[in-house]
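# Remarks on the overall topology
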Amino acid sequence: MKLARTIRLDVSDTNVFTAAAKPGEWAVTGTFAFADSDPIAWNNKDKIAFRDGWMGTESFGRSTFVQVTTIAQEHYEETVRCLAGHIFESYGAPGMIDALEAARTEVDDMAKICEHPVGTLLAIERTADDQAITERTRVITPPSEEFHTRIWAIDDDDGDGDGDGDDDNDNPIAAQRIR
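My aim in this report is to walk through the structure given alongside it, one point at a time. If you're wondering where the values come from, they're calculated on a predicted model, not measured in any experiment.

## So, the packing of helix α3 (residues 73-91) against helix α4 (residues 96-113)
As a packed pair, α3 and α4 sit with axes 8 Å apart at the nearest point and diverge in direction by 125 degrees. One element, α3, and the other, α4, form an angle in the oblique class. In this structure, α3 crosses over α4, and the sense of that crossing is right-handed. Between α3, through Tyr-76, Glu-77, Thr-79, Val-80, Arg-81, Leu-83, Ala-84, Gly-85, Ile-87 and Phe-88, and α4, the contact on the second element is made entirely by Met-96, Ala-99, Leu-100, Ala-102, Ala-103, Arg-104, Glu-106, Val-107 and Asp-108. Counted by class, the contact of α3 with α4 contains 12 nonpolar, 2 polar and 5 charged residues.

## Comments concerning the nonpolar core
By size, the foremost hydrophobic cluster in this structure holds 26 residues, and its most contacted members are Leu-3, Trp-54, Val-66, Leu-83, Val-107, Met-110 and Leu-122. Taken together, the elements giving at least two residues each to this core come down to β1 (2-7), β2 (26-28), β3 (54-56), β5 (65-70), α3, α4 and β6 (121-128). Per-element accounting of this core gives the leading share, 6 residues, to α4. If we skip the residues at most four places from it in the chain, Leu-122 touches Trp-54, Thr-64, Phe-65, Val-66, Val-68, Ile-113, Cys-114, His-116, Thr-137, Arg-138, Val-139 and Ile-140. One finds Phe-34, Trp-42, Ala-49 and Phe-50 within the second-largest nonpolar core, a separate group that totals 5 residues.

## Quick look at α4
For α4, which comprises 18 residues, the first-to-last C-alpha distance of 25 Å matches the rise-based estimate of 26 Å (1.5 Å per residue) to within 8%. Those residues of α4 not exposed but buried are Ala-99, Ala-103, Glu-106, Val-107, Met-110, Ala-111 and Ile-113. Buried residues of α4, viewed axially, fall in a sector of 155 degrees; they line one side. For α4, the exposed residues set more than 90 degrees away from the buried face come down to Ile-97, Glu-101 and Lys-112.

## Concerning a nonpolar patch on the surface
A contiguous nonpolar surface patch, about 230 Å² in accessible area, is contributed by Phe-88, Met-96 and Leu-100. Along the chain, Leu-100 turns up in helix α4. In this structure Leu-100 comes out as partly exposed when scored by relative accessible area, which is 31%.

## What to know about the packing of aromatic side chains
Under the criterion given, the structure shown has 4 aromatic pairs. A ring pair is formed by Phe-34 and Trp-42, whose centres lie 5.6 Å apart and whose planes are at 70 degrees; its orientation type is edge-to-face. Note on Phe-34 and Phe-50: the rings are 5.2 Å apart at their centroids and 80 degrees apart in plane angle, and the pair reads as edge-to-face. One end of the pair, Phe-34, is in the loop between β2 and α2 (44-52); the other, Phe-50, is in helix α2, with 16 residues separating them in the sequence. Neither Phe-34 nor Phe-50 differs from the other in exposure class; each is buried. An aromatic cluster is defined as three or more aromatic residues linked by ring pairs; in this entry it consists of Phe-34, Trp-42 and Phe-50.

What counts, and at which threshold
Residues numbered from 1 in each chain as written. Predicted model: local features only at pLDDT ≥ 70, side-chain atom pairs only at ≥ 80, totals over all residues. Heavy atoms only, no water. Axes fitted to C-alpha atoms, helices over the stretch in contact; angles between N-to-C directions. Helix = DSSP H or I, 4+ residues; strand = E, 2+ residues; numbered from the N terminus. Parallel < 35°, antiparallel > 145°, perpendicular 65-115°, else oblique. Left-handed = near helix turned anticlockwise from the far one by under 90°. Contact = heavy atoms within 4.5 Å. Nonpolar A, V, L, I, M, F, W, Y, C, P; charged D, E, K, R; others polar. Core = buried A, V, L, I, M, F, W, Y, C linked by side-chain atoms within 4.5 Å. Buried < 20%, exposed > 50% of the residue type's maximum accessible area, 1.4 Å probe, protein only. Expected span 1.5 Å × (residues − 1). Arc of directions from axis to C-beta. Patch = residues over 30% accessible without salt bridge, like charges linked within 9 Å, V, L, I, M, F, W, Y side chains within 5 Å. Areas by Shrake-Rupley, 256 points an atom, 1.4 Å probe, with all protein chains shown as cover. Salt bridge = Lys/Arg side-chain N within 4 Å of Asp/Glu carboxyl O. Phe/Tyr/Trp six-rings, centres within 6.5 Å; stacked < 30°, edge-to-face > 60°.

Rendered as structure tokens:
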């Protein structure tokens, strides 16, 4: 089975989310956290979490990116139990059986999203209107090799760099230029 882990490519998650997920947590979409909230009352960090955040299943913080990986059955069950406890305590599930069912559905839905090769990076985009919340998952493709280019290089100059036109190379460092 595949599931995704939170990944932190830089420190921005710690700045843009109220609570950032720790790198390496099992992740779910976590959209349920916004289902009964009032968007008008959201601060900027709440808006960013809604629009772009995956939910880690240990800290229940948010992550901009997740990476598809395999999950062992015992870790899958542990993730479901941990998420169920959070749903029960924080979102008022009527009982643990209901919380377990909701958590299992959330983790299974995430597993469906993770039907990509191991190592695939994913981002999420959410929008909302009066009727529903819409999720769109994006695969983040690494830039091609052409994207990486040298911004500077040291080349041998035709002359010795002293501007007198002779090639006596009395200063080897001056005989190079940065382009």
